[in-house]
Amino acid sequence: MAEAAPQALALPSGLLELCALLGPSRDSLRGPEQAQRKGVGGPPLEPEVLSVFVPPFVTKEDSQTASAPCATLSKTRRRSFRKKRDKPKSEPWKGLPPEDVTVPNGVDLLALPQLCFPGGLCVASEPKEDCVHFLVLTDVCGNRTYGVVAQYYRPLHDESCFYNGKAHWEPSWPTVGVAGCFVPFAVCVVSKLPYYNALKDCLSCLLTHLKLCKDFEVDNHIKDFAAKLSLIPSPPPGPLHLVFNMKPLQIVFPSRADPESPVIDLDLHLPLLCFRPEKVLQILTCLLTEQRIVFFSSNWALLPLVAECFMAYLHPLQWQHTFVPVLSGQMLDFVMAPTSFLMGCHLDYFEEVSKEADGLVLINIDNGSITCSNEEDVDLPDIPLLAAQTFIQRVQSLQLHHELDLAHLGASTDLNEGRARRRAWQRRLNCQVQQVALQLLFSIFREVKNHLNYEHRVFNSEEFLKTRAPGDQQFYRQVLDTYMFHAFLKARLSRRMDAFAQMDLNTQSEEDRLNGMLASPRRPTIEKMASRKSSALHAVHRRMVVSMPNLQDIAVPELLARNSSLRKVDSTGCGSVVLNVTPPSTYTFKIPEIHFPLVSQCVQAYYSDCVALLSKAMGLLAPDSSVLLARYYYLRGAVHLMQGQLLDALLDFQSLYKTDIRIFPADLVRRTVGSLSGPQRAQAERVPELRRLISEVVDKPGEAPKPDDRVKNFELPKKHMQLDDFVKRVQESGIVKDTNTIHRLFEALTVGHQKQIDPETFKDFYNCWKEAEAEAQEVSLPLSVTEHLDKNECVYKLSSSVKTNRGVGKIAMTQKRLFLLTEGRPGYVEISTFRNIEEVRSTTVAFLLLRIPTLKIKVVSKKEVFEANLKTECDLWHLMVKEMWAGKKLADDHKDPQYIQQALTHVLLMDAVVGTLQSPAAIYAASKLSHFDRMKNEMSTPVPRTTSETLKHKINPSAGETCPHAVDVLLYTPGHLDPAEKVEDAHPKLWCALDEGKVTVFDASSWTIHQQCFKVGASKLNCMVMAEQNQVWVGSEDSVIYIINIHSMSCNKQLTDHRSSVTDLVAQNGTPSKVYSCSADGTVLAWNVSTLRVTSRFQLPGGGLSSISLHDGCLWCCTGTSIVAVMTSGLLCQELKVGENFKEMSTSFVGFQLLPEQDQLWVACAGLASIYIWSLADLTQPPHRVPLQDCSEVSCMIRVKQQIWVGGTGLSQGLARGKIYVIDAERKTVAKELVAHIDRVTTLCSAEDRYVLSGSGGGEGKIAIWKVE
């Protein structure tokens, strides 16, 4: 097969897409009479494009490009503007280049003159001050480019024409001579990035040169200016900003903060100077509800700046509709569009737009007012009150005036120093404004996550709306129906780690973390009830939601007075949070000077200077500055590409794997590899790093089709459901996720019927469940009751008012106890905690001629039996109390609090089933959910005493999932207080690797979720190790080592040197610290942790390498067929072969442990129920055998103090269970036999030799914590 021809490589664009000079047309100044007539007071002239400058300006093939026509460029991937020109054939040259000239996508040269002179072009009798305004250009695909336009005036001279276009598109213009005439021109720079301030500064520098130059030199100056900008690469996301000397100004091009954030190069506080906070909230409401919005101002520059500020306020939400912040007078008919849009017009057109179009929201920037067109009322809801109040407080606490910060400082005598000081102040303020806006969005949408089903991508909008206050419902109903909110839901369901998700993670309370572990139905805790009552804002909220006036009319006493004195407000509570926001540290890289004349040699010299400066900066970095190093690699790779050094560029981009994979330009690398010539490709294949990179981007099969990422709104079913469909529907509804529980619910609802559920039954069940949930939210207990309860207790069930032998009242059930809520003056009477129940009976008591159903509860150490005449509720309460009692007993026996949470779910499902069926068979149906009560009765023997005494606790990393996941690897990292960590993050942590690259992190001081599941690749994880106390290295089946930063809990580095699945990692402390890694093909690599470079490597023959251990300068390696000790150089020292020791049976080594002080090697073998111990002094001697009773498989082993803990599978009470054997290393006997898990023990790890943690297979998916003696 013939080799595919290399593809042409489109180089990464610099900052400049296009630069144009615009001014009056040739005909508009034909002859002095016309020019005089078109002077002051005359009609506007017609502007047109005079010159266009589009990169590339210099190519290798033609070093004389400087003298070529400036509008010539390649046709590839460019759109011709000539075809759209609809002009009489008699004027084919009017302001346009030849027909083959094309421009970048998204730039329409026909509309550009109107946008550059939106107020018209008029000759002036005296020179006017230069002015700047901004543009946002959108192509047909919705991609935006950004323009900055600088207007300046030049005089008309008698002796020569004001502009010479001879060298470009047309013959010399007629000579014009008019005294006292100044003609406006405009220079427009178009970029893919919104560098408003930076490009404004650049154009300001250019204008100082244009005013001094002669007319025929204008084009050359503009071309040199455009060439400079086109050679500046776009900075990658992160802390590195680019600085360029444009003389006299130092221009700073800021990078975006991270790949998910936009570039911010404008003053985000501008809207806060133009509008009161209440008006800002109204405008945000207009945006969130996707109205048809028009901004007005007498200042053209303010229109796009203010509009862009509001776009930044919405981040991470994005405006999905038409965005044209500048409309010229000829474009006013755009506002007649029927769909949502955001546009901007000059204030002169306010009356015209207001009368011509209906249903528009008209926003006057100049006076800070908001009105509707044709004096109609647009149905604008108010932002939720609590969020609005907090936003207003935070805005009022901002310091919006730079002069107040300068008052105590001396005057800056250096122009660039003063500008740098202003930039630093603006950056701090921008950071605070962004934080205030994000906190507003977060408070509005935080609880959306409670109504999402991630597995089936479902949002239950109706249930979400029910949880909103009545006065907020209109707002949410409108917002939930927008494209913007739908995109927001997609991002949540895809678990995108954007600014919103990061804030959610950072603000998680202890209760949120507990809820992440215990997937129980949502109920308000006692603590929440108390805070609900004591909250003054809540009281205002409850009073005002019935009828909410417009936001600007609300006079809330709690709000701070307007900061009219402009001093900083000494606010407390949430309002002060924003003042403490510190922007992250940033760094700058100064772009070298660009030499002229602009020929190929000068450009190459500039690229070489860039590479040299970047390399020098990289050499000066500290080893731990990987974030900054990654930005230098990225920039150097981009410059290498511009130089044509493709292999050097690929090496730099490949280095991003080790420094920061987030900014890896996958598409650019793929295109670069595709453009390699045959010899280049062959040369790349000889470099190991590039060979792996090429296989990653080219040789792998095409990516799987993009999964359906649509968001479905939850709807009740309309057809009969079989079991599988019923499971899906219940999970979508958010009632319960666990598949086994739903199977039991299905059995309950189909008792005595065909095994399918009709839509009516499902609807009744759903309504019963939701009604019970709503009733629980309304439960309000007096202080005299709550003081007897724990702060995290919830009332899950209240009976009707019943007569008991301790008074009349309602029986209340929490997750911990039963108590009587007495009537009259509400009081608390303890019935029993579930732990202390001794017996529960349902019986009848005679009353006159009736037999009243009665529940009797006997409590340990109490003689009196509690009796309650529950009547028709008696049987249900009998089932529920027994299930909770059984759940508590199992939780105590197995040290697993999740049994209580599951019992609560069963109890509430029983209640809903009885409410749904309302038939004599309802109680029998509900009994199908008495799962733990049956388990308690069926268990012939309790948990073995040794197991119970040794077991401390169990946790479930799969809580909240539809089914349990196997625990593949466990790693304990000790706590240490580090300046980079928050105090709560300095706790010890337990890292748990689940299937498909998922990692969950627990706080090991409380065993609560520290970090919910995040992805580390997509393959099974085989091993983990801590390096230098701030990194966790994770070896994967996909042959990659992933490095997690413990401080940021992010995985931005990958080591890709292995060619097979990474099977084990071991750390060696020292200077420099090292990590050894091994892979299944027998490769062992030694890594310098600081530089992430391979310092040595060797290959073991035969492959099958499964684990390694480091001792006394030797690496001990288990390959299945042998265990070998090798020097770190690869030199063989000792070897133990399986074939020489087990000649009569087929087996392999599955793991080993070294006991150097006893000179012993402990080995586990596949399929053998024993541990074998060899003497290190002579591996040829027969081993000592330690039999493991009832063991069928050994899967893992670790050493803890003078014990060997062995995990595997064995029989317990005739059933296969995950078992742990604790062997006394001195006596070589089994000291303990622990029944650990329902499924096999998959992994073991030690926590400071005080505890051992065991993980189980997918049948249980839990982690057990064992005490070490």
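For clarity, every value in this text was computed on a predicted model and none was experimentally measured.

Undergrad: Please set out the overall build of the chain residue by residue, giving values where relevant.
TA: Each helix and strand in the chain was counted, giving 35 helices and 53 strands. For the chain, with 1269 residues in total, the buried portion stands at 54%. Excluding contacts between residues fewer than 6 apart, the proportion of contacts in the chain whose partners are at least 24 apart in sequence is 60%. Counting every atom, the chain has about 55,400 Å² of accessible surface; 51% of that belongs to carbon and sulfur.

Undergrad: Outline the packing of aromatic side chains, listing residues and values.
TA: As enumerated under the stated definition, the model contains 29 aromatic pairs in all. An aromatic cluster of three or more residues is present, and its members are Phe442, Phe445, Phe459, Phe464, Phe475, Tyr476, Phe485, Phe488 and Phe500. A cation over an aromatic ring shows up here: Arg468 above the ring of Tyr476, its NZ or CZ 5.5 Å from the ring centre. Lys936 extends its terminal NZ or CZ atom over the ring of Trp885, reaching a point 3.8 Å from the ring centre.

Undergrad: Outline the side chain of Ser1122, listing residues and values.
TA: As for its placement among the helices and strands, Ser1122 is situated in strand 41 (residues 1122-1127). Given the relative accessible area of 7%, Ser1122 is considered buried. Apart from residues lying up to four places away in sequence, Ser1122 is in contact with Cys1117, Glu1135, Leu1136, Lys1137, Val1138 and Phe1149.

Undergrad: An account of the sheet that holds strand 45 (residues 1170-1175) is requested, with residue identities and associated values reported.
TA: Read across the open sheet, the 4 strands follow the order 43-44-45-46; overall the sheet is antiparallel. Either end of the sheet is taken by a strand with one partner, and the two such strands are strand 43 (1149-1155) and strand 46 (1184-1187). Within this sheet the neighbouring strands show an average axis-to-axis angle of 25 degrees, counted without direction. Pairing between strand 44 (residues 1160-1165) and strand 45: 5 bridges, direction antiparallel. Looking at strand 45, one finds that Trp1162 is bridged to Ile1173.

Undergrad: Explain the sheet that holds strand 26 (residues 951-955) to me, using residue names and the numbers behind them.
TA: Taken together, 4 strands build an open sheet; the order of strands is 26-53-52-51 and the sheet is antiparallel. The two strands at the open ends of the sheet, each matched to only one other strand, are strand 26 and strand 51 (1241-1247). When strand polarity is set aside, the average angle formed by the axes of neighbouring strands in this sheet is 20 degrees. Relative to strand 52 (residues 1251-1256), strand 51 runs antiparallel, the two being bridged by 6 bridges. Within the sheet, the bridge partner assigned to Ala1247 lies in strand 52 and is Tyr1251.

Undergrad: Pulling in residues and values, what's your account of the pattern of salt bridges?
TA: The final tally for this structure, using the stated rule, is 41 salt bridges. Between Arg662 and Asp660 there is a salt bridge; the shortest N-O distance is 3.0 Å. The exposure class assigned to Asp660 is buried, which follows from its relative accessible area of 1%. The closest approach of N and O atoms between Arg1250 and Glu1248, which form a salt bridge, is 3.6 Å. Via salt bridges that share partners, Glu463, Lys466, Lys770 and Glu773 belong to a single interconnected network.

Undergrad: Break down the packing of helix 30 (residues 874-894) against helix 33 (residues 931-938) for me, with residues and values.
TA: Look at helix 30 against helix 33: their axes get within 7 Å of each other, and the N-to-C directions meet at 60 degrees. With respect to helix 33, the axis of helix 30 lies oblique. The hand of the helix 30/helix 33 crossing is left-handed. Contacts between helix 30 and helix 33 pair Lys882, Glu883, Trp885, Ala886, Gly887, Lys889 and Leu890 from the former with His931, Phe932, Asp933, Met935 and Lys936 from the latter. For the contact of helix 30 with helix 33, a count of residues per class yields 5 nonpolar, 2 polar and 5 charged.

Undergrad: Now, about the pairing of strand 35 (residues 1062-1068): what can you tell me, with residues and values included?
TA: Judged by how many residues are buried, strand 35 sits mostly within the fold: 5 of 7 residues are covered. Relative to strand 36 (residues 1074-1079), strand 35 runs antiparallel, the two being bridged by 6 bridges. Looking across to strand 36, one finds that Val1066 is bridged to Tyr1076. As consecutive antiparallel partners, strand 35 and strand 36 are separated by 5 residues, and within that stretch Gly1070 has a phi angle of approximately 140 degrees, a positive value.

Undergrad: Hey, could you go over the side chain of Gln815 for me, with residue numbers and the actual values?
TA: Within the secondary structure, Gln815 is located in the loop between strand 20 (807-813) and strand 21 (817-822). Aside from chain neighbours lying at most four places away, what touches Gln815 is Asn792, Glu793, Cys794, Tyr796, Phe834, Met884, Ile900 and Leu904.

Undergrad: Can you tell me about the state of the cysteines, naming the residues and giving the values?
TA: Going through the model one piece at a time under the given rule, you end up with 0 disulfides. Unpaired in this structure, Cys1118 has its nearest cysteine sulfur neighbour in Cys1165, at a distance of 8.9 Å. According to the relative accessible area criterion, Cys1118 is buried, its value standing at 0%.

Cut-offs applied
Residues numbered from 1 in each chain as written. Predicted model: local features only at pLDDT ≥ 70, side-chain atom pairs only at ≥ 80, totals over all residues. Heavy atoms only, no water. Helix = DSSP H or I, 4+ residues; strand = E, 2+ residues; numbered from the N terminus. Buried < 20%, exposed > 50% of the residue type's maximum accessible area, 1.4 Å probe, protein only. Contact = heavy atoms within 4.5 Å. Areas by Shrake-Rupley, 256 points an atom, 1.4 Å probe, with all protein chains shown as cover. Phe/Tyr/Trp six-rings, centres within 6.5 Å; stacked < 30°, edge-to-face > 60°. Lys NZ or Arg CZ within 6 Å of the ring centre and 35° of its normal. Pairing = 2+ DSSP bridges. Axes fitted to C-alpha atoms, helices over the stretch in contact; angles between N-to-C directions. Salt bridge = Lys/Arg side-chain N within 4 Å of Asp/Glu carboxyl O. Parallel < 35°, antiparallel > 145°, perpendicular 65-115°, else oblique. Left-handed = near helix turned anticlockwise from the far one by under 90°. Nonpolar A, V, L, I, M, F, W, Y, C, P; charged D, E, K, R; others polar. Disulfide = S-S within 2.5 Å.

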